[in-house]
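Letter by letter, the chains look like this.
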Amino acid sequence: MTAQPLHNRETLLAWMAEREIEQTTHDHPAVFTVDEGHEIKAAMPGAHTKNLFLKDKKGRLWLISARQDTVIDLKAAPRTIGSDRVSFGNETLMVETLGVKPGSVTALGLINDVDRRVNFVIDKRLWEADVVNFHPLTNTATTALTQGAFRRFLSEIGREPLVIDFSADLPPAAPATI
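Residues numbered from 1 in each chain as written. Predicted model: local features only at pLDDT ≥ 70, side-chain atom pairs only at ≥ 80, totals over all residues. Heavy atoms only, no water.

Draft legend 1. Summary view of the environment of Asn-51. Along the chain, Asn-51 falls in strand β2 (residues 47-56). Placed 83 residues apart in sequence, Asn-51 and Phe-134 show a C-alpha to C-alpha distance of 8.9 Å. Discounting residues that sit within four places of it in the chain, Asn-51 has contacts with Leu-63, Ile-64, Ser-65, Val-105, Thr-106, Ala-107 and Phe-134. Separated by 2.5 Å, the side chains of Asn-51 and Ser-65 make a polar contact. A polar atom in the side chain of Asn-51 sits 3.4 Å from the backbone oxygen of Val-105. (Helix = DSSP H or I, 4+ residues; strand = E, 2+ residues; numbered from the N terminus. Contact = heavy atoms within 4.5 Å. Polar contact = N/O pair within 3.5 Å; in protein donor to acceptor, adjacent residues only side chain to side chain.)

Put into structure tokens, the structure is as follows:
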């Protein structure tokens with residue numbers, strides 16, 4: 001069996017154009033973490049994302065996409081998503097399944113997961129955002145999609161996300177003291 005060629009930025013954007021999935025892509029210097037590039041992100045409207053590529057102790061793979069300011073408790077997440085203890089997936093698995101390297105993890109990488117090895121989880125706040133921003137398989141650009149366009153992307157690749165409200169997992173705020 002011949003391996004399916006993986007999409008890259010150019011083929012992903014061409015694939016979207018062929019399907020009339022509207023997007024706007026902005027080039028920028030490489031950004032490797034959520035904390036980097038705040039100035040770049042400030043110039044782009046919409047919800048910016050953090051994406052966690054995880055593997056559980058049974059070998060199942062997970063991609064969690066959330067708004068960049070969402071707190072995800074990795075000890076509580078397995079219970080929330082219906083998994084076992086999780087750890088970060090390695091680069092080999094990331095490239096093999098999503099076609100990306102560390103620093104470029106993105107929900108748009110699901111286009112490369114033709115064997116559907118990765119379970120997709122999206123934070124409710126991101127699922128409800130009007131505009132979402134993801135790397136287009138490289139961390140040197142950001143692609144903005146309306147929520148409708150993002151959902152169309154998921155529909156075109158045959159993916160239905162598990163929508164989770166990660167803010168519900170947070171412990172109640174401590175009472176203010178004076």
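Picking up where we left off.
Draft legend 2. Quick look at the nonpolar core. Core analysis: the largest hydrophobic core is formed by 33 residues, its most contacted members being Met-16, Phe-150 and Phe-153. Counting residues per element, the ones that place at least two in this core are α1 (9-18), β2, β3 (61-67), α4 (91-98), β5 (118-123), α5 (124-127), β6 (131-134) and α6 (147-156). Ignoring anything within four residues of it in the chain, the contact list for Phe-150 reads Ala-107, Phe-120, Ile-122, Trp-127, Val-132, Phe-134 and Leu-145. Core analysis: the next-biggest nonpolar cluster, separate from the first, contains twelve residues, Trp-62, Ile-72, Ala-77 and Ile-164 among them. (Core = buried A, V, L, I, M, F, W, Y, C linked by side-chain atoms within 4.5 Å. Buried < 20%, exposed > 50% of the residue type's maximum accessible area, 1.4 Å probe, protein only.)

Draft legend 3. Here's a closer look at the environment of Ile-21. Its location among the elements puts Ile-21 in the loop between α1 and β1 (24-27). Separated by 135 residues in the primary sequence, Ile-21 and Glu-156 have C-alpha atoms spaced 9.7 Å apart. When sequence neighbours within four positions are dropped, the list of residues in contact with Ile-21 reads Trp-15, Met-16, Leu-145, Ala-149, Arg-152, Phe-153 and Glu-156.

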